Amino acid sequence: METKIFKVKSEKDKAVDEAARILRDGGIVAIPTETVYGLAGNALDEGVTDKIYTAKGRPSDNPLIVHISEISQWEPLVKEIPESALALADKYWPGPLTVILPKSEIVPDKVSGGLATVAVRMPSDKIARAIIEKAGVPLAAPSANTSGKPSPTSARYVTEDLMGKVDAIVDAGDCSVGVESTVISLCETPPRLLRPGGITAEMLTEVLGEITIDDAVFNKLADGEKAASPGMKYKHYSPDAQVVIVKGTFENYKSFIEENKTEKTVALCFDGEEKGLSVRCVTYGKKNDPSSQAKNIFDALRKVDELGADKVFARFPETDGVGLAVFNRLVRAAAFNIIEV
Ligand code: TXA
Ligand code: MG
């Protein structure tokens, strides 16, 4: 399949109309959002969602997030919108937050992966919203990577994974948040945080009061355990290299690397630390700045493979605020392999 590439600087560019036209005609298009690039298609057309699963190589029981550009598009997708959901939308939409509610009949089972619920989000990225608005339909959009690979935070990585497999790629530069949206389920009381992201647990608590954080955010699911969010059970965000998280002071991290390095070892460290290390380094943001780590983590995980690393020793991120999202992605990339030094 020929993949068109559109370079877009503003939501007013002609290419936005062109991308929306392809989506209206049943095509699939990779689009920028503030979190990561998404592979979008008409959420109400099962044939289109089939194409999305195929292009990504994604298991079909892993449901898709439906993207809207205004609140009025939410109502038809769900059974009802409770007060708590409206309060969240009021405070954090448009933005990196996905809300799960019981779905209505019009949402195809293929979008919900066979579940009775649907995940919906309104992105803050202006180009994303313009494309949704002009397409005139809600858009299902999983991250625009090959299933299992790190999510793409720039169009370069979308091209690497999906060239020839999608109708178009809209290139609008780097994503500002860098990790996928926070996913919260309002289908139970208290609400359950299924995936941490740019809207933090603390921010959700402010609006919702008590919430629970799903065990799968921190821990590996036991064999046969059912995932509240099906995406959690799959191997995720993995570079080809083996990643190990090394928890401890920088001095101890450095000694650990000296004792365990090979020629192909790469250190995944914080900005500036590369000066003190004897192996090749990829940095993933500033030490005490989880937002900068979120913005860089997926890019860094792709870069370690570009360097041909066999083993990657990663610094342990903070786990407060947005740091929880960074930790959640990194610990999956490391297949839960953490060493304390
Ligand atoms: O930031 C984002 O959310 C990006 C951009 C493109 O918007 N999209 C994204 O989609 O990350 P995806 O498909 O890669 O991740 C969606 C996650 C999966 O882990 C999936 O299992 C979960 O959300 N999910 C979707 N619908 C669900 C539902 N009804 N119940 C439970 N989990 C659901
Ligand atoms: Mg994904």
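Quick look at the structure, then. (Residues numbered from 1 in each chain as written. Chains lettered and ligands numbered in written order. Predicted model: local features only at pLDDT ≥ 70, side-chain atom pairs only at ≥ 80, totals over all residues. Heavy atoms only, no water.)

So, on to the site of ligand 1. Taken together, 26 residues are adjacent to ligand 1, and Thr35, Asn62, His67, Ser181 and Gly231 come closest. Between ligand 1 and the protein, one listed contact pairs an oxygen atom with a side-chain N or O atom of threonine 35 at 2.7 Å. Within the side chain of asparagine 62, an N or O atom sits 2.6 Å from an oxygen atom of ligand 1. Calculation on ligand 1 without its partners gives an accessible area of 680 Å², and the protein chains cover 97% of this total. When contributions to the shell around ligand 1 are tallied by element, the ones reaching two or more residues are β4 (65-67), β6 (117-121) and β10 (192-195). (Near = heavy atom within 4 Å. Polar contact = N/O pair within 3.5 Å; in protein donor to acceptor, adjacent residues only side chain to side chain. Areas by Shrake-Rupley, 256 points an atom, 1.4 Å probe, with all protein chains shown as cover. Helix = DSSP H or I, 4+ residues; strand = E, 2+ residues; numbered from the N terminus.)

On the basis of which strands lie adjacent, the open sheet formed by 5 strands has the order β14-β13-β15-β12-β16 and parallel pairing. Looking at which strands have only one partner, the edges of the open sheet turn out to be β14 (280-283) and β16 (338-340). Neighbour to neighbour, the strand axes of the sheet diverge by 25 degrees on average, direction disregarded. Direction of pairing for strand β13 (residues 266-269) relative to strand β15 (residues 311-315): parallel, over a ladder of 3 bridges. (Pairing = 2+ DSSP bridges. Axes fitted to C-alpha atoms, helices over the stretch in contact; angles between N-to-C directions.)

Moving on, we get to the nonpolar core. Counting residues in each nonpolar core, the largest one holds 45 residues, and the members touching the most others are Trp74, Leu88, Trp93, Leu97, Val99, Ile184 and Leu204. Ranked by size, the runner-up nonpolar core spans 29 residues in total, among them Val179, Val243, Ala300 and Ala325. (Core = buried A, V, L, I, M, F, W, Y, C linked by side-chain atoms within 4.5 Å. Buried < 20%, exposed > 50% of the residue type's maximum accessible area, 1.4 Å probe, protein only.)

Running from N to C, helix α5 (residues 155-162) and helix α8 (residues 290-306) cross one another at 55 degrees; their axes reach a closest spacing of 11 Å. The angle between α5 and α8 places the two elements in the oblique class. For the pair α5 and α8, the sense of crossing is left-handed. Two secondary-structure elements touch here, α5 through Arg156, Tyr157, Glu160 and Asp161 and α8 through Asp299, Arg302, Lys303 and Glu306. (Parallel < 35°, antiparallel > 145°, perpendicular 65-115°, else oblique. Left-handed = near helix turned anticlockwise from the far one by under 90°. Contact = heavy atoms within 4.5 Å.)

What follows deals with the environment of glycine 57. By secondary structure assignment, the location of glycine 57 is in the loop between α2 (46-56) and β4. Distance in space between the C-alpha atoms of glycine 57 and leucine 77 is 26 Å, their sequence separation being 20 residues.

Once that is clear, we can look at the packing of helix α1 (residues 14-24) against helix α4 (residues 126-135). How two helices pack is summed up by the angle between their axes together with the distance between the axes. Relative orientation of the contacting elements α1 and α4 amounts to 45 degrees, with a least axis distance of 8 Å. On the basis of the axis angle, α1 is oblique to α4. Seen along the crossing, α1 lies across α4 with a hand that is right-handed. Where α1 approaches α4, its residues Val16, Asp17, Ala19, Ala20, Leu23 and Arg24 are matched on the opposing element by Ile127, Ala130, Ile131, Lys134 and Ala135. Among the residues making up the contact of α1 with α4, the classes are represented as 8 nonpolar, no polar and 3 charged. (Nonpolar A, V, L, I, M, F, W, Y, C, P; charged D, E, K, R; others polar.)

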